[in-house]
Amino acid sequence: MALIEKIRRAFERYDLVPKLKKSLSSISILLTIVGIVWILVLPIKGQFRNTYISENALMPSQAYSFFRESEWNILRGYRSEVVKLESLPITARNDVLEIWLKSLGYKTSKHQYHELHSNKSSGDTGENFYAIMHAPRGDDTEAMVLAAPWVTSDGEFNTGGISLAVSMANYFSRLSIWSKNIIILIPEDNKYALRSWVEAYHNSLDKTAGSIESAIVMEYPSDGDHLEYIEVEYEGLNGQLPNLDFVNCAVFIGEHEGFKISLQNTPVSKLTSNTYFDRLAILLKGIKNLAISGVRKSNGCESFSGWNIQSITIRAKGVNGSHDITKYGRVVEALFRSVNNLLEKFHQSFFFYLMLQPRNFVSIGTYLPSVGIIAVGFAFMSLNSFFNNSFTYSQMIGGLEKMCITFLVVIISSIIFGISLLVSTNHINYNLLTQFLISSCVLMSLMPIINLQTIKITAKPTFLYLFQSASYLYITMLAASLSVVHFALAFSIAVLCLPLLFVKVQQTTMIKLQPFINSIALLLSCPWFSIVLLYYSLKDFDSMSSITRNLLTSWSELQSWTWFVIIFGWLPAWLCFVITGSILPLPQVEHAERKKLPVITSSSSIKKKEK
Amino acid sequence: MMLELDVRSYLIIAINFLVKLWVPLYFSRLSTFLDNSILFSTFINSFKSLKEGLFLINKLEINPYDGDIINHPPLLLSFFTLLNRDNSDFIYELIYAITDSIILVKLLNFNNLLKEKNKNEKEFNDEDYENEFRNEKIDEINNDNDNKIRNDRNGDYFHDFNVVLFYCFNPLILLSFFSKSTIIFTNLFIILMLNNLLTKNYTLSILQLSICSYLSYFPLYLIFPILNYIYQDIKSIKKIIKYLIFFIIFILLLSTLNFCFGFQKVINNCYLSIILFKKIQPNLGLWWYFFIEIFEFFNNFYIGLFNMYSFIMILPFTYKFNKEPMISLFLCISWIILTKNYPVIGDLNMFSLLILTIGSPLINFLQIPLLLINIVLFVVLVLLVLFYYLWMDLNSGNSNFFYGVGLVYNILIGFAIIDFTWSQLSKTWYEENHIEIHDDEERKIIKLTQI
């Protein structure tokens, strides 16, 4: 206690408390800058770590892989048949697969599903095919999934993937080493069809093979024998990632077989270089892809997230490389054998990490502070709008009730808006909706100027300051609590909300530019503006309306709760700032002089009253 | 004593009753969901296990205490068996809604009794010092809107209407009610007991304390501050001993009910499971983390330590604040809430209700504003849910995260208790030294510091 007392007195002696209070806003801006720089520092040498296999039982590539030349002939045979299947309807294709896998001794089954948001011409039902091999040495409680969708995420026919899946099924059935069941899964596509199978597997399917430990999605669109390099995708939904050990195994095995590994769509020209900017690019792309998972086109493995399944997608890239298709098969085989070695579930390594290079990563403890610091910055801004005005503490607190009610109204109306859109996803014209959202965003962002010029809505200044303070606090809470489960989304929202730090209550004494600053800041940080931003910066999407559509349908299709974060957190916070930034404060009738705050005095200085 | 409330309050109380009756009936999934959450109920007060117990008694007609599933005391089971033989949902909801309303009415009553007592004491003091000082009269004018929350100046009690609002619209109280945790009955008896202390029905309040401790063991410790309370009033050791004997007799009488189900089994299931921390279940409290497998060889040590810990501050609080027996009760109850082994949000609600009533004169002396504590508490509760979800559902977090946030939650409560202790100490110091406290707009209180 004595030390704390000393510090307190030092604060008093140098008059630090009022000084700190004056500079709250600059401190908060400084903090947000530190938060962003924190992320930029991570790719510098010395800040990140090399990957390592944490679980000893995995032993990647320790066993010799036999998926070689003799299997290649089988593979070619299957492939020439698979090529013929392309023109057939899905049920006919699955019938052929069923005959093949039944003859290999697999237990086969088909899963019918209904499209929720159909835009296909073929109707609104689909069929997934899967086959189970019961483990010769296991207790039949755990399974590994090998999935190859008919259509890859780029929309191509997955010739190589399907034929590999069947020929590997053939190969696996001849090995006696398996202690976990193997499921060969051929879904119609890698988004909703795959997701609905995973959901049905855990809820309603009759033929199952125990809890799924790992899943590998194979995408090999070409019908040639060669490939250049492989790409590993690992982001799941809602900020979930597969265990780092599993990703490491894939990288380790791939490199052991001689492949170059590409993460986050790194082009082939960048695969050999390992500079600061390469690492930064992978890091930022990783954050971006994780944040918009569910909204962007599916990468396949994300369909498995939510049930403690470690899943990755391995994609073959290029057609003219020096590597052949059995090498690709050996990577998958070795991964299966690694997982097969496991005695426990994946638990050793990290579940939250950001990759910088296939062999470099940063763990959660290293990157989480960045969003924490930004959140603290918002909290300081909240204190700033509470204290740095001409009103006393009790005057400010007086408006608490009114503020709470307004705040609740804003949040509830935002939630009602969001939920009603979510309920009517099948009847919405997404073009119209997108236009409406963006135009409303622009209109509301212009409110500070419009209100000043024409409408002139006014409110008590204490209310405005208190409301602004609460809104900053709301963003702090949003960022801090979200960062624990979904760092990427929390970080993106916090960064996109940064312009809100410059929104100020309009006062006559302020500079003339303030309404314009408010408008620009509001526009930049609007959730709907980020749709525009996403469309023009990424070029992954056909149109802006497809982004809106994916945002709305990703809940019912994939259980991704990005939309809920927006309507519960981001949108209400933004609306609050529209209110504080545009409503004019009433001119103060009695301008209360801000008196000095009560000074802390030690007990010795208190003069006792004389009796 | 009849309550004198305005129409608004009556209206809100009535609506509150209806809402609490009908919402669980129509949204029974909400209750199940909350009941399964570790924040709102643990195995000793979960509604699900209560129903299981009733099913065992009524339908299967076997002794519910044969296994170790049922940890509700026989009194509660018999009470529900008597009132609700056909296991109808409506009767359950009715019982809960009535209990809730009684708590609210008794809380208002308690608040008014405190006000009255305070007024009497003030007048008494004023007469005492009349010749020496002119104590500033408390202006009871309920002047402007900004001060609506505070009824009158100089750190007194809240207006009835605010208490009603707080009780009916507090989300934690609502959620805790909808979870149908049986902690509500313990809370009911604590409120009744406090009421009867103020109206000087000491025998009744001792009876209620015994029911309370019978229901959830830890309130047993409160016998010390309560005996002190009675002693401060009647100043007779003989009578105190009489009340102590009453207490023991009541407890023994209640325990006779245990013989219907097999004495040893009931003791094992209802009390030893609490004292010896038999079921390791993650919760809001401080205990569970120390009983996980890797520390197994320390188990006995921790059981002794934590039981001692939950008792250790009872006597000091009673002794130090023996002239302010209500405050000592307040602090003892909060101490139990902090250190009990299976705390739920219902306990936190009890704490906030006590702050609202007994603690409200001290709010002005607090060093950390309650608003700040509440904001942090809100964040911590959100994080607790998130971390539990990470740990149990996603398997990507672990117990350390959850316990870490739980620790912050407990530190906050601990901070509040320390702060209230401090503010009571400084309040007495001001009064002893006859320093006027100007609680005007600028909150010009001379602040004391600890050296």
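Residues numbered from 1 in each chain as written. Chains lettered and ligands numbered in written order. Predicted model: local features only at pLDDT ≥ 70, side-chain atom pairs only at ≥ 80, totals over all residues. Heavy atoms only, no water.

Draft legend 1. Region of interest: the overall build of chain B. Scanning chain B from terminus to terminus reveals 18 helices and zero strands. When each of the 451 residues of chain B is scored for burial, the buried share is 54%. For chain B, long-range pairs separated by at least 24 residues make up 73% of all intrachain contacts whose partners lie at least 6 apart in sequence. Counting every atom, chain B has about 21,100 Å² of accessible surface; 65% of that belongs to carbon and sulfur. (Helix = DSSP H or I, 4+ residues; strand = E, 2+ residues; numbered from the N terminus. Buried < 20%, exposed > 50% of the residue type's maximum accessible area, 1.4 Å probe, protein only. Contact = heavy atoms within 4.5 Å. Areas by Shrake-Rupley, 256 points an atom, 1.4 Å probe, with all protein chains shown as cover.)

Draft legend 2. Representation of the pairing of strand E8 (residues 229-233) of chain A in the model. Residue and element names in this part refer to chain A. Counting buried positions along E8 yields five of five residues, so the element is predominantly enclosed. Alternating positions in E8 separate into two faces, Tyr229, Glu231 and Glu233 on one and Ile230 and Val232 on the other, with burial throughout. Pairing geometry for E8 and strand E10 (residues 310-317), over five bridges, is antiparallel. Note on E10: the bridge partner recorded for isoleucine 230 is alanine 316. (Pairing = 2+ DSSP bridges.)

Draft legend 3. Representation of the nonpolar core within the structure. All names here are of chain A. Residues Phe172, Ile216, Ile312 and Tyr328 are the most contacted members of the largest nonpolar core, which totals 295 residues. The leading source of residues in this core is helix H16 (residues 461-485), at 14 residues. Lining this core are residues from two domains, each supplying at least three of them: domain 1 (28-42 + 367-594) and domain 2 (78-273 + 298-343). Phenylalanine 172 has contacts with Tyr106, Met133, Leu146, Trp178, Ile182, Glu333 and Phe336, leaving out every residue within four places of it along the chain. In this structure, Ile183, Leu185, Trp197 and Phe304 belong to the second largest nonpolar core, which totals 19 residues. (Core = buried A, V, L, I, M, F, W, Y, C linked by side-chain atoms within 4.5 Å. Domains from an automatic or database assignment.)

Draft legend 4. Quick look at the packing of helix H20 (residues 544-558) of chain A against helix H21 (residues 562-582) of chain A. Residues and elements named next belong to chain A. Running from N to C, H20 and H21 point in directions that differ by 115 degrees, and their axes come no closer than 8 Å. Taken as axis vectors, H20 and H21 run roughly perpendicular relative to one another. Each of Leu551, Leu552 and Trp555 in H20 lies in contact with H21, whose residues at this interface are Thr562, Trp563, Phe564 and Ile566. Class assignment of the residues belonging to the contact of H20 with H21 gives a composition of six nonpolar, one polar and no charged. (Axes fitted to C-alpha atoms, helices over the stretch in contact; angles between N-to-C directions. Parallel < 35°, antiparallel > 145°, perpendicular 65-115°, else oblique. Nonpolar A, V, L, I, M, F, W, Y, C, P; charged D, E, K, R; others polar.)

Draft legend 5. Seen up close, the pairing of strand E12 (residues 353-357) of chain A. In terms of residue burial, E12(A) counts as a mostly covered element, since five of its five residues are buried. The antiparallel pairing of E12(A) with strand E13 (residues 360-363) of chain A creates a hairpin that spans two residues between the two strands.

Draft legend 6. Local environment of the sheet that holds E8(A). Residue and element names in this part refer to chain A. Here eight strands make up an open sheet; going across it, the order is E2-E3-E5-E4-E6-E10-E8-E9 and the pairing mixed. Edge strands, defined here as strands with exactly one partner in the open sheet, are strand E2 (107-114) and strand E9 (261-263). Strand-to-strand twist across the sheet, computed as the mean angle between neighbouring axes with direction ignored, equals 25 degrees. The pairing of strand E3 (residues 125-133) with strand E5 (residues 181-186) spans five bridges and is classified as antiparallel. Paired with isoleucine 132 across the bridge in E5 is isoleucine 183.

Draft legend 7. Region of the structure containing the packing of helix H3 (residues 47-58) of chain B against helix H4 (residues 74-83) of chain B. Residue and element names in this part refer to chain B. The contact between H3 and H4 brings their axes to 10 Å, and the two run at 65 degrees. Taken as axis vectors, H3 and H4 run roughly perpendicular relative to one another. Seen along the crossing, H3 lies across H4 with a hand that is right-handed. Contacts between H3 and H4 involve Leu50, Gly53, Leu54, Ile57 and Asn58 from the former and Leu76, Leu77, Phe80 and Thr81 from the latter. Grouping the constituent residues of the contact of H3 with H4 by class yields six nonpolar, three polar and no charged. (Left-handed = near helix turned anticlockwise from the far one by under 90°.)

Draft legend 8. Up close: the domain arrangement of chain A. All names here are of chain A. For chain A, the domain assignment lists domain 1 (28-42 + 367-594) and domain 2 (78-273 + 298-343). Its C-alpha centre places domain 1 at a distance of 41 Å from the equivalent point of domain 2. The partner domain 2 presents 11 residues to the 13 residues of domain 1 that form the contact. Of the roughly 1,200 Å² buried between domain 1 and domain 2, counting both surfaces, carbon and sulfur atoms make up 46%. Looking at the side of domain 1 facing domain 2, the largest losses of area belong to Glu557, Leu558 and Gln559, adding up to 49% of the total buried there. Inspection of the region where domain 1 meets domain 2 yields zero salt bridges. Where domain 1 touches domain 2, the interface holds five residue pairs in polar contact (both at pLDDT 80 or more). In terms of residues, the side of domain 1 that touches domain 2 owes the most to one element, H20, which gives six residues. (Buried area = accessible area lost by both parts, 1.4 Å probe. Salt bridge = Lys/Arg side-chain N within 4 Å of Asp/Glu carboxyl O. Polar contact = N/O pair within 3.5 Å; in protein donor to acceptor, adjacent residues only side chain to side chain.)

Draft legend 9. Spatial organisation of the side chain of A:Lys191. Within the secondary structure, A:Lys191 is located in the loop between E5 and helix H7 (192-203). With no salt bridge to any partner, buried A:Lys191 finds its closest opposite charge in A:Glu557, at an N-O distance of 4.3 Å. (Lys, Arg positive; Asp, Glu negative; His and termini not counted.)

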